[in-house]
Amino acid sequence: MSVLEKVRPERPAATAREPRVTDDDGRRVRPVELLWRYLLLLAVLALTTGPFLWQLATSLKGPTEDIYSSPPSLLPAHPTLHNYARVADTIPVWDYALNSLKVAIANVVTNCVGSALAGYALARLRYRGRRVTTLVFVLAMLVPVEGIVIAQFTTMRELGLNNTLIGVVLPGAVGALNVLLMRGAFRALPHEIEEAAYVDGANVWQRFLRVALPSVKGTLAVVAIFAFMGAWDDFLWPLIVLSDPSKFTLTIGLNYLHGTFANDERLVAAGTVIAVAPLIALFACLQRYFFRGVGEGAVKG
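A short tour of the structure in this document, coming up. Note that the structure is a prediction, hence the values are computed from the model and not measured.

**Observations regarding the nonpolar core**
1) Next: Among the nonpolar cores identified, the biggest contains 46 residues, and Val 87, Ile 91, Phe 186, Trp 232, Leu 250 and Leu 257 are the most heavily contacted of them.
2) Next: When near neighbours in sequence (up to four residues on either side) are disregarded, Trp 232 contacts Ala 97, Ser 100, Leu 101, Ala 104, Leu 250, Thr 251, Ala 275, Pro 278 and Leu 279.

**Some words on the pattern of salt bridges**
1) Next: For the structure shown, the criterion picks out three salt bridges.
2) Next: As a salt-bridge pair, Glu 33 and Arg 37 come within 3.0 Å of each other at their nearest N and O atoms. With Glu 33 and Arg 37 both in helix α2 (residues 31–59), this residue pair falls four residues apart, about one helical turn.
3) Next: Take Glu 33: its relative accessible area is 31%, and that puts it in the partly exposed class.
4) Next: With its nearest N and O atoms 3.6 Å apart, the salt bridge here joins Arg 207 to Glu 194. Of this pair, Arg 207 sits in helix α10 (residues 204–212) while Glu 194 sits in helix α9 (residues 191–199), and the two are 13 residues apart along the sequence. Across the pair, Glu 194 and Arg 207 agree in class, each one buried.
5) Next: Each of the salt bridges in this network shares a partner with another, and the network as a whole consists of Arg 124, Glu 194 and Arg 207.

**Things to note about the side chain of Arg 266**
1) Next: For Arg 266, the location among the structural elements is in helix α14 (residues 265–294).
2) Next: Given a relative accessible area of 14%, Arg 266 falls into the buried group.
3) Next: At a separation of 2.4 Å, a polar atom in the side chain of Arg 266 contacts the main-chain carbonyl oxygen of Glu 65.
4) Next: Ignoring anything within four residues of it in the chain, the contact list for Arg 266 reads Thr 58, Ser 59, Lys 61, Gly 62, Pro 63, Glu 65, Ile 67 and Asn 83.

**Points about the packing of aromatic side chains**
1) Next: Enumeration over the complete set of coordinates arrives at six aromatic pairs.
2) Next: Where Tyr 120 meets Phe 186, the ring centres are 5.4 Å apart and the plane angle is 85 degrees; that geometry is what we call edge-to-face. Taken as a pair, Tyr 120 in helix α4 (residues 93–124) and Phe 186 in helix α8 (residues 176–187) lie far apart in primary sequence, 66 residues in all.
3) Next: Aromatic pair Trp 205 and Phe 208: ring centres 6.3 Å apart, planes at 80 degrees, arrangement edge-to-face. One end of the pair, Trp 205, and the other, Phe 208, are both in helix α10, three residues apart, so they sit about a helical turn from each other.
4) Next: Judged by its relative accessible area of 6%, Phe 208 is buried.
5) Next: Of the aromatic side chains, those joined through ring pairs into one cluster are Tyr 120, Phe 186, Trp 205 and Phe 208.

Each value, and the rule that gives it
- Residues numbered from 1 in each chain as written.
- Predicted model: local features only at pLDDT ≥ 70, side-chain atom pairs only at ≥ 80, totals over all residues.
- Heavy atoms only, no water.
- Core = buried A, V, L, I, M, F, W, Y, C linked by side-chain atoms within 4.5 Å.
- Buried < 20%, exposed > 50% of the residue type's maximum accessible area, 1.4 Å probe, protein only.
- Contact = heavy atoms within 4.5 Å.
- Salt bridge = Lys/Arg side-chain N within 4 Å of Asp/Glu carboxyl O.
- Helix = DSSP H or I, 4+ residues; strand = E, 2+ residues; numbered from the N terminus.
- Polar contact = N/O pair within 3.5 Å; in protein donor to acceptor, adjacent residues only side chain to side chain.
- Phe/Tyr/Trp six-rings, centres within 6.5 Å; stacked < 30°, edge-to-face > 60°.

This is the structure we're talking about:
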């Protein structure tokens, strides 16, 4: 054995490192703090999804089950779809749903087209009064709907659009928030891309349709989701402008369940689930584009 081997101390065996939980900045998260975070997330989850799960469970319960048990039971003992059939027998729910679908689709088309055009004009075009126009859209978001509903109703009556589905769509055809979302997304695009298209001879419409618009598909999906949800869930404006029961939207039609069957919560819950189901399906189809579009326009490129 050499002298170095005699003098050199033996190294301790490498011990396995304890698993560490870190945040986005690489800082270690203590177990107590991690526990509180999970508890907070569970509390938020219960507050957001709890009412819907209770409504879903109530809609599947039969007439002999107690829907007001404490603690509430989310698993029906004998699930049944009879309550959904009763909703269709009580009100023309599918006709109301078709009217809502027409309004929602029209609102999505007008908002996507209008907000994309307006957002591109505010973000890319150079003209006098552009900042003032942007400020007008910002101020439009601060005006409550209840403050202008009388003026909207008077306008629809003067235009002869009262008691029509077009009158329901027109006031919300282009939302100020959607315009600002598209403006932020277009501003985040690098100018070099459009400059290269301009050098190649592309005009404004070609740069908008072939260069800018395909780059903001995520934000366009966000606008589509917001427009569909706003039109599908709207209750006040269709209630004011519509008077013919055959043209009622789903939110107004379901109100009959509350008035005629105030004590039958199973029927009301089934109607609520019918109204919410299309929104869940839409978000499930567009969630990939939605989460990608939330970040578009957040940082200018």
